[in-house]
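# Architecture and fold: a report
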Amino acid sequence: MGDIIKYYSIWKENVKKNSFDKLSSNKKCDVLIIGGGITGISSAYQLINKGLNVILVERNEIGGGITSRTTGKLTYLQDLIYSTLNNKYSYDIAYKYLNSQMDAINIVKNVILENNIDCNLDCQDSFLFTNNKDNISKIEEEKKVLESMGVVVNDKDKINLNIPYCYGISVSDTYYFHPVKYIQSLASICFNNGIEIYEHTKVMDIKKREEYYECILEECKVYAKNVILASHYPYFIKPFLFPIKAHIEKSYILADKVSDYNNISGISIDKDITSFRYYKDKDNYLIYLYGTHNLAYKFNYKSNFDRLINSFNINNRNIKYIWSNTDIVTSDGLPYIGKISDNLYIGTGYNGWGMTNGTIAGMILSDLILGRENKYASLFDPLRKSIYNIAIFGNVFNSMKPFIQNKVIKNKKYYSDNVVYMKRNGKNIAIYMDKLGKEHIVYSDCPHLKCSLVFNEVEKTWDCPCHASKFDIDGNCINGPSNYNIRYNNDKE
């Protein structure tokens, strides 16, 4: 293994970033987009030159949230989604979902070509595979459904990669790209075409007035006729009641510098999901994901990262980057994209396939605001009646379990001696002492819904085990749904 490992996503390395101001004065607009990831920027791009005053705000940096933590795949071969939708819903639903993913890929390709965007776009073969003989029939069924939809599918009894594999299928018309380069370029195009973009700008609350939304920021307000919530996890509970409609899965990813480049990607359907893709820039990398689990379980993140590394059976390993990601999994397997209230829209719940679904969300949401018909709007309608209503009880449990468990046991036996949870002046705090002997002190309850935070000893972050808010070592909020930092301020005690 290489000596130097960076504990952040490879997509954050050597990217030319835009620099946008923080919004500090009151504004009025036709559309306010909250979130500067794939959904928000795609929506903004689709609203260029449509006669609307559009503002986009991002709590941190454009493209620096969940979009920067993905594997960057543009594929419609997504686990067993088509046979699942065909069996649970209908063939038409499955076919429409396939078309939405293919359309999303074409949208990205066309945007890149039309704007000459340098983001490492390349075509590659995608594999769906298993190392469990009992799962072969499931892949065969998926192949049958895909072929009935006109997709050319190939049987593959081996793969040119040293990972457990007994059978799989592949398709040839899928892609990969550099997601942050793409987002940064798209943001520049939007900004140069009149879209107002602001970074380090948090929306703390949204209040419905008669003809507009009053959006309360840290230093000012935005009065918007329409609001698109394009953040990964909605920070409000009402009116959508999101915590009971989805659960969160956490995964662990590495980037290994390799000498040989193999233009393939793949994902397994086995219990311990394995996903991989190659990435070619100045150097060649193999990006490898392993150990996906429900966020409500497995709080020993160091152990989870160790499982990732130990499962990576590649000779002459040269691991350069390690990071984690979270995905929102909906109760019925389809994203939530559309209107949730008068002139209030949402795009989230992409079930691990954010690059395609975030792209198609930009098209759907812009069409809805412009009053245009969209053939996928009904498919992803967030107010649809789900046939998986029983999953609501599981989602409630998935939120309550980590809340209770981590309230009871805060000082984990697997923490190093440098981590301690305690009370100080009646407040719950946590302290991490780094290698230089400096204490990093934070409030240990997540500001969102007061879950007790868990220390991530690998990435050196404080993570919420309930809804995936993430804070850096000093308590600055990196990812929501929390809107607040947890920096400890003894002067105010």
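Our subject in this report is the structure included herewith. Everything quoted here is computed from the prediction, not taken from an experiment.

### Structural notes on the sheet that holds strand β20 (residues 439-443)
Within the open sheet, the 3 strands sit side by side as β18-β19-β20. Their pairing is antiparallel. Among the strands making up the open sheet, the edge pair consists of β18 (419-424) and β20. Here the average twist between neighbouring strands, direction ignored, is 25 degrees. Relative to strand β19 (residues 427-433), β18 runs antiparallel, the two sharing 6 bridges. Looking across to β19, one finds that Met422 is bridged to Ile429.

### Let's talk about the nonpolar core
Counting 70 residues, the largest nonpolar core has Tyr182 and Phe380 as the members making the most contacts within it. Considering every element that reaches this core, the biggest residue donor is helix α3 (residues 91-115), with 9 residues. Ignoring sequence-local partners within four residues, the contact set of Tyr182 consists of Ile38, Val108, Val111, Ile112, Ile117, Cys119 and Phe177. In terms of nonpolar packing, the next biggest core, distinct from the first, is built from 51 residues, Tyr278, Ile322, Cys446 and Val458 among them.

### Points about the packing of α3 against helix α7 (residues 354-370)
As a packed pair, α3 and α7 sit with axes 8 Å apart at the nearest point and diverge in direction by 85 degrees. One element, α3, and the other, α7, form an angle in the roughly perpendicular class. For the pair formed by α3 and α7, the contact residues are Tyr97, Ser100, Gln101, Asp103, Ala104, Ile105, Ile107 and Val108 on the first element and Thr356, Asn357, Thr359, Ile360 and Met363 on the second. Classifying every residue of the contact of α3 with α7 by side-chain character gives 7 nonpolar, 5 polar and 1 charged.

### Digging into the state of the cysteines
Tallied over the entire structure, the rule returns 1 disulfide. There is a disulfide in this structure between Cys451 and Cys466, and the S-S distance comes to 2.2 Å. Its S-S torsion of about -110 degrees marks the bond between Cys451 and Cys466 as left-handed, since a negative value means left-handed. Of this pair, Cys451 sits in the loop between β20 and β21 (454-456) while Cys466 sits in the loop between β22 (461-463) and β23 (470-471); the two residues are 15 residues apart in sequence, bridging distant segments of the chain. In this pair, the class of Cys451 matches that of Cys466, namely buried.

### A few points about the pattern of salt bridges
Across all of its chains, the model carries 20 salt bridges by this definition. With a closest N to O distance of 2.5 Å, Lys6 and Glu13 form a salt bridge. For Glu13, a relative accessible area of 17% gives the class buried. Linking Arg209 and Glu214 is a salt bridge whose minimum nitrogen-to-oxygen distance equals 2.5 Å. With a relative accessible area of 36%, Arg209 lands in the partly exposed category. Counted as one network, the salt bridges with shared partners bring together Arg69, Lys250, Glu459, Asp463 and Lys470.

### A word on the sheet that holds strand β24 (residues 477-479)
Taken in spatial order, the 4 strands make up an open sheet running β21-β22-β23-β24, and their pairing is antiparallel. For this open sheet the edge positions go to β21 and β24, each flanked by a neighbour on one side alone. Pairing of β23 with β24 involves 2 bridges; the strand directions are antiparallel. Looking at the pairing, Lys470 lines up with Asn479 of β24.

### Quick notes on unusual backbone geometry
The omega torsion across Gly480 and Pro481 is 25 degrees, close enough to zero to call that bond cis. Within the fold, Pro481 resides in the segment after β24. A positive phi is found at Asn120, a non-glycine position, where the angle reads about 60 degrees. Note that Asn120 resides in the loop between α3 and β4 (122-130). Even without being glycine, Ala468 reaches a positive phi, approximately 75 degrees. Turning to its location among the elements, Ala468 is positioned in the loop between β22 and β23.

The rules we used
- Residues numbered from 1 in each chain as written.
- Predicted model: local features only at pLDDT ≥ 70, side-chain atom pairs only at ≥ 80, totals over all residues.
- Heavy atoms only, no water.
- Pairing = 2+ DSSP bridges.
- Helix = DSSP H or I, 4+ residues; strand = E, 2+ residues; numbered from the N terminus.
- Axes fitted to C-alpha atoms, helices over the stretch in contact; angles between N-to-C directions.
- Core = buried A, V, L, I, M, F, W, Y, C linked by side-chain atoms within 4.5 Å.
- Buried < 20%, exposed > 50% of the residue type's maximum accessible area, 1.4 Å probe, protein only.
- Contact = heavy atoms within 4.5 Å.
- Parallel < 35°, antiparallel > 145°, perpendicular 65-115°, else oblique.
- Nonpolar A, V, L, I, M, F, W, Y, C, P; charged D, E, K, R; others polar.
- Disulfide = S-S within 2.5 Å.
- Salt bridge = Lys/Arg side-chain N within 4 Å of Asp/Glu carboxyl O.

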